[in-house]
Amino acid sequence: MPLALKAMQGIHDLLKTSALSVERGPHLHFTGRSPQVEQSLERVRIGTTRPGSYIFDARVPIEPPARLTIDALPSPLSGRAVMTRLYTSTAAVHAAADHTAQGQIDYGPFVEASGVGVSSNLCAAIGRLAGGITKCRPFDISFAWARTRQIDFPTEAMVFTEAMVRTVIKAGTVLERVSKSGQAAVTGTIDTLTTTGELDKRARVRGMVVMERIGTADDPATSHGIVWVTLTSQQYDQAIDAHRRGRPIEARGTLDPDSRRLEIRPFPDGFRIR
């Protein structure tokens, strides 16, 4: 029963997060309640589990029911908009998790996919579908579209393995920390340098990443990964030298909450060659 309840909660949270993304636009982390979202969830119907299997069907009306427009009341969200957003965001999480679970330890793709609806809330909901971090049971999710309003989206199931689920849950923690503008540090080697002008110089660093919340006693989150680091002209010259000689670098600063990838803006004294 507890696993079934977690799965049901996961379905609810998937739909809620997708609806919030449609209403507010993409965010790395959602908070608060919304009358529009609550209205859209009231129209969802959950089907019974099919005999002999562990399958739930969530049915979402394409459009909200027709009603008189009252300025004081919010307009209901389109079920089709919510479900297409859920499909694209889930597919992006699946691709990022598959990439990371295969040994490419990099949570950057999750951040970069925030533009299509990926958020810490979505990752947490997917984790609940699998029973949470203590279970991480593999599962699959598929989408079917109303025949009266066909849409050119695939219907093949997306399979989440145990390793992928663990990756998604971890990514959710990373996304939440990035959204709250925490401090971060990375120690590792530079594998890419880019510049498009005097004020736009960056290095991509692969190594140990440590993230912490500003002004809190939370333990820092530590993982191997890939982070982009914005650089001054002087720091960029140092980075070129470190890259040529294969020397590790260390960067410490603030996470950029507006960037759609993991990106550190170093403190004035927060960049050095080790």
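Below is a summary of the structure that appears in this document.

Analysis parameters
- Residues numbered from 1 in each chain as written.
- Predicted model: local features only at pLDDT ≥ 70, side-chain atom pairs only at ≥ 80, totals over all residues.
- Heavy atoms only, no water.
- Helix = DSSP H or I, 4+ residues; strand = E, 2+ residues; numbered from the N terminus.
- Buried < 20%, exposed > 50% of the residue type's maximum accessible area, 1.4 Å probe, protein only.
- Contact = heavy atoms within 4.5 Å.
- Arc of directions from axis to C-beta.
- Salt bridge = Lys/Arg side-chain N within 4 Å of Asp/Glu carboxyl O.
- Phe/Tyr/Trp six-rings, centres within 6.5 Å; stacked < 30°, edge-to-face > 60°.

Let us look at the overall build of the chain. Assigned secondary structure in the chain consists of 7 helices and 9 strands. Buried residues in the chain amount to 42% of all 274 residues. Counted over contacts in the chain with a minimum sequence separation of 6, partners at least 24 positions apart contribute 65%.

Where helix α2 (residues 35-42) is concerned, the buried positions are Gln36, Val37, Ser40 and Leu41. An end-on view of α2 places all buried positions within 135° of arc, on one side of the element. Pointing more than 90 degrees away from the buried face of α2 are the exposed residues Pro35 and Glu42. Looking at the packing, one finds that the buried side of α2 touches α1 (2-24).

As a further point, take the pattern of salt bridges. Using the criterion set out here, one finds 11 salt bridges in the structure. The residue Arg245 makes a salt bridge to Asp241 at a minimum N-O spacing of 2.8 Å. With Arg245 and Asp241 both in helix α7 (residues 233-245), this residue pair falls 4 residues apart, about one helical turn. Between Glu250 and Arg272 there is a salt bridge; the shortest N-O distance is 3.3 Å. Remark: Arg272 occurs in strand β9 (residues 263-273) and Glu250 occurs in strand β8 (residues 249-255); sequence separation between them is 22 residues. Shared partners join several salt bridges into a network, and the residues in it are Asp191, Arg204 and Arg206.

With that settled, the discussion passes to the packing of aromatic side chains. Tallying each qualifying case throughout the model produces 6 aromatic pairs. Taking the centre distance of 5.9 Å and the plane angle of 10° together, the rings of Phe143 and Trp145 count as stacked. Note on Phe143: relative accessible area 6%, which makes it buried. Take Trp145: its relative accessible area is 11%, and that puts it in the buried class.

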